[in-house]
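If you want the building blocks of each chain, they are given just below.
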Amino acid sequence: MIIGTAGHIDHGKTALVKALTGVEGDRLKEEKARGITIDLGFAYLPVEGGRRLGFIDVPGHERFVHTMLAGATGIDFAMLVVAADDGIMPQTREHLAIIDLLGIRRGIIALTKSDLATPERLAQVSAEIRAMVAETALEGADVLPVSAVTGQGVEHLRGRLAAAGGELPRSSADQRFRLAVDRVFTLAGIGVVATGTILTGTVRVGDRVRISPFGLAARVRSLHVQNEPAESGRAGDRCALNLQGEEISKEAVHRGDMVLDPELHAPTDRIDARLKLLPSESKGLRQWFPVRLHHASAEVGAHVVLLGEAALDPGMGADVQLVLDRPIAAAALDRFVIRDTSAQRTIGGGQFLDLRPPARRRRTPERAALRAALSLSDPRQAFAALLETSPYFQDVGGFASDRALAPGERESLPAAVDAIVLPVEADRIAVSRSRWHAYTSALLNALATFHAQYPDLQGIGREKLRLLLQPRLPAAVFAAALQKVARDHAIALDGAFVRLATHTVRLTPKDEALWHGVESLLGGAAQYRPPRVRDIAVLTGQGERDIRRLLKLVGRLGFVDEVAIDHFFLRSTVRQMVAIAADLAGPSGNGAFTAAQFRDRLDNGRKVAIQILEFFDRHGVTLSRGDQRRTNRHRLDLFGPLTPQPRRDRSDPGRESSPVGRSDFKSE
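Below, the structure is looked at part by part. In this text the structure is predicted, and so the values were computed from the model without any measurement.

What to know about the pattern of salt bridges
Taken as a whole, this structure holds 29 salt bridges when the rule is applied. Across the pair Asp 561 and Arg 571 runs a salt bridge whose closest N-O atoms are separated by 2.6 Å. With a gap of 10 residues between them, Asp 561 in strand β28 (residues 560-564) and Arg 571 in helix α17 (residues 571-585) connect regions that are remote in the sequence. Accessibility classification places Asp 561 together with Arg 571 in one group, the buried group. The network of salt bridges with common partners includes Asp 272, Arg 274, Asp 319, Asp 354, Arg 367 and Arg 371.

Printed below as a string of structure tokens:
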């Protein structure tokens, strides 16, 4: 358990910690000379059961409140110190407010220098303290008279702290690892050491980590927990990490950085939050108000954007957006405190809600509903509520990372809320089952309506269908939704068109007979250089207008594609040519190829090869960069699933190299 001291300057915090532990928290020459704590001091107390209590001795001087805040995050238990002779002082109230804002719900009050006060004075100050802590996090906390000089009450206080340490829940140890850095130094023969409190998760010797927000990669070479060598540390521990990496140096790591699981590295400079303004403020908060934001051990300039209709008055809470001067590493539901820009007073604090909010349309009812869902502490309840909030779908990985959820909880989250999962590249997009059924019903109804209006058309274009439906899913999510509905055999995907699986368009007997003759001319040995409309008309003895009409009709049915004016290719041939382009681009799809290479693989003329590639460019299958092209792996299935294509050896037209499997077209 980590115990944080709080209280006014010269009220005996450091002396009390020394009396409890035998360790002097003041570690700097300036501190010893001036008799006050300037920087964070640390001490440890072994207790029964092999446990160790960690003490963070924070400064009480107003000028050093920002240092106090650096140590306050991660504190499990607050020990508010009030001197019996002075009583309650300004920093006493400010430290109490900070304890309250940071959500520290367990604590005790030590009435120090009790040997200097009469029983009447002790009773008077105790009553004043109980009145001060009313309606705060320390309401009802015991007030224990102690004296670091005579030892009065010290043993009793030590026992109370040991008992509190045994009752502390440690559920946050199951999350991904995060440590807030509050000190960085080097040791001869060891290297760079970063100390701090582990906020969530567990770290072990040998783990790979990142230093956020700069993203420096490092390895944990060794570690100490509560000032003792250890193989691992967990949430709530004071920990010193010996970090090793190419970019790691004392100058590269700073107080305010976060050492974390690499999966959590996603710094942000814009955060939606719930903010409470302290009742002690003389006036409300105006729009774009400048503040100093304190989160974990980080301090950064910020501006407050009010998201409600009314102003934020003293003592009230409201949703705000915090626009930061520079990015920080944070997690959803983390606590924060804001102070005025002159560092004279604490203004308020609260809890982060959304780490990736928009800069526009941030005051809409939809955004307010989303923030309400994100404010729920239970991740399952929050995720379920999000799925019932516009836009009605959520990235599972993004939600899990923002909350530092453990890998197992991340994987089980969709099933826990009975959600449908749509794979979109490396992500998993979740949709509630009820919303999915409503969306697919609307999709099928839209297709049925389209087929009734245009019975002679193959289907509706994918993009047109996407824009018809609500909610309007992003293109990638919509494509995944179509694939899932198609796997359930409710719809069929014909290239860029979507149709009901039961919908068919039939040719008249006359057109069907003519099509059989034309189809044979477009396939076979001439498939990569098929005749044009005028040539087909000559070969079949039909008029150009009739051939053109027929090819336009079968084009709507998905049998052919018009690559250039009056130049039609069989759909199966188009799929083969897409596969050849993907093969030329290589397994990753990022390799470049030229029109000449494509022409040689098709064994046709440069003009026709260019026309085909320009057709692919128009449909987004290929991306043109000067004389070279790359494939767009997201569009390779536009004309249907790819099939393995034999690679022809130009030196021997009769030989074929080994076939290219579908894996050649996937990007790892």
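Don't stop here, the text continues.
With respect to the nonpolar core
Counting 29 residues, the largest nonpolar core has Leu 80, Val 82, Ile 109, Leu 111, Ile 129, Val 133 and Leu 138 as the members making the most contacts within it. Among the secondary structure elements, those contributing two or more residues to this core are β1 (2-7), β4 (77-83), α4 (90-101), β5 (107-112) and α5 (119-133). Contacts of Leu 111, omitting those with residues within four sequence positions, involve Val 82, Ala 83, Ala 84, Leu 122, Val 125, Ser 126, Ile 129, Val 143, Leu 144, Pro 145 and Val 146. If you look at the next biggest cluster of nonpolar residues, it comprises 27 residues, including Trp 436, Phe 450, Leu 473 and Ile 491.

A few points about the sheet that holds strand β21 (residues 346-354)
Pairing in this closed barrel of 6 strands is antiparallel, and the strands run β16-β19-β18-β17-β20-β21 around the ring. Each strand of the sheet is rotated relative to its neighbour by a mean of 45°, with strand direction disregarded. Direction of pairing for strand β20 (residues 335-339) relative to β21: antiparallel, over a ladder of 5 bridges. Considered in β21, the bridge of Arg 335 is made with Gln 351. Its contacts with the sheet put helix α7 (residues 365-374) on β16 (268-277), β19 (317-328) and β21, and the angle it makes with β21 is roughly 95°.

Here's the deal with the sheet that holds strand β30 (residues 593-594)
The strand order across the open sheet formed by 3 strands is β30-β32-β31, and the pairing between neighbours is antiparallel. Edge positions in the sheet fall to β30 and β31 (622-625), since each has one partner strand and no second. Summarising the sheet, β31 and strand β32 (residues 628-631) pair through 4 bridges and their orientation is antiparallel. Looking at β32, one finds that Leu 623 is bridged to Arg 630.

As for the packing of aromatic side chains
Applying the stated criterion across every chain yields a total of 8 aromatic pairs. Their ring planes at 25° and their centres at 6.0 Å tell us that Trp 515 and Phe 559 sit as a pair that is stacked. Taken together, the positions of Trp 515 in helix α14 (residues 509-522) and Phe 559 in the loop between α16 (544-556) and β28 put the pair 44 residues apart, joining distant regions of the chain. The class of Trp 515 is buried, set by a relative accessible area of 5%. Since its relative accessible area comes to 36%, Phe 559 is described here as partly exposed. Ring centres of Phe 598 and Phe 616 lie 6.5 Å apart, and the angle between their planes is 75°; on these two criteria the pair is classed as edge-to-face. Here Phe 598, found in helix α18 (residues 595-602), pairs with Phe 616, found in helix α19 (residues 606-618); they are 18 residues apart in sequence, far enough to count as distant. Members of the aromatic cluster, each reached through a chain of ring pairs, are Phe 593, Phe 598, Phe 615, Phe 616 and Phe 639.

Observations concerning helix α11 (residues 433-453)
Compared with the 30 Å implied by 1.5 Å per residue over 21 residues, the 30 Å span of α11 between its first and last C-alpha is a close match. Among the residues making up α11, those that are buried are Trp 436, Tyr 439, Thr 440, Leu 443, Ala 446, Leu 447, Phe 450 and His 451. What you see down the axis of α11 is that its buried residues fit within an arc of 135°, all on one side. Opposite the buried face of α11, at more than 90 degrees from it, the exposed residues are Asn 445, Ala 452 and Gln 453.

Comments concerning the pairing of β21
Of all 9 residues that make up β21, 8 are buried, and the element is covered over most of its length. The pairing of β16 with β21 spans 6 bridges and is classified as antiparallel. By the bridge assignment for β21, Leu 275 is matched with Gly 350. If you look at the hairpin formed by β20 and β21, you'll find 6 residues sitting between the two strands, and Ala 343 has a positive phi there, around 60°.

Overview of helix α8 (residues 379-387)
The α-helix winds at 3.6 residues per turn, so residues separated by three or four positions along the chain end up facing the same way. Those residues of α8 not exposed but buried are Pro 379, Ala 382, Phe 383, Leu 386 and Leu 387. Down the axis of α8, the buried set is contained in an arc of 135°. They therefore lie on one face. Between the side-chain oxygen of the N-cap and the backbone nitrogen of Arg 380 there are 3.0 Å, and the N-cap of α8 in question is Asp 378.

Structural notes on unusual backbone geometry
Of note, the amide linkage connecting Ser 212 to Pro 213 takes the cis form, showing an omega dihedral of 20°. Looking at the element boundaries, Pro 213 is found in the loop between β10 (208-212) and β11 (216-225). For the peptide bond that leads from Ser 390 to Pro 391, omega is 15°, which places it in the cis range. Inspection of the secondary structure assignment puts Pro 391 in the loop between α8 and β22 (394-395). Even without glycine at this site, Leu 333 takes up a positive phi of about 75°. Mapped onto the secondary structure, Leu 333 falls in the loop between β19 and β20. Positioned with a positive phi, His 489 is a non-glycine residue whose angle comes to about 65°. Structurally, the position occupied by His 489 is in the loop between α13 (475-487) and β26 (491-494).

Rules used in this analysis
- Residues numbered from 1 in each chain as written.
- Predicted model: local features only at pLDDT ≥ 70, side-chain atom pairs only at ≥ 80, totals over all residues.
- Heavy atoms only, no water.
- Salt bridge = Lys/Arg side-chain N within 4 Å of Asp/Glu carboxyl O.
- Helix = DSSP H or I, 4+ residues; strand = E, 2+ residues; numbered from the N terminus.
- Buried < 20%, exposed > 50% of the residue type's maximum accessible area, 1.4 Å probe, protein only.
- Core = buried A, V, L, I, M, F, W, Y, C linked by side-chain atoms within 4.5 Å.
- Contact = heavy atoms within 4.5 Å.
- Pairing = 2+ DSSP bridges.
- Axes fitted to C-alpha atoms, helices over the stretch in contact; angles between N-to-C directions.
- Phe/Tyr/Trp six-rings, centres within 6.5 Å; stacked < 30°, edge-to-face > 60°.
- Expected span 1.5 Å × (residues − 1).
- Arc of directions from axis to C-beta.
- Polar contact = N/O pair within 3.5 Å; in protein donor to acceptor, adjacent residues only side chain to side chain.

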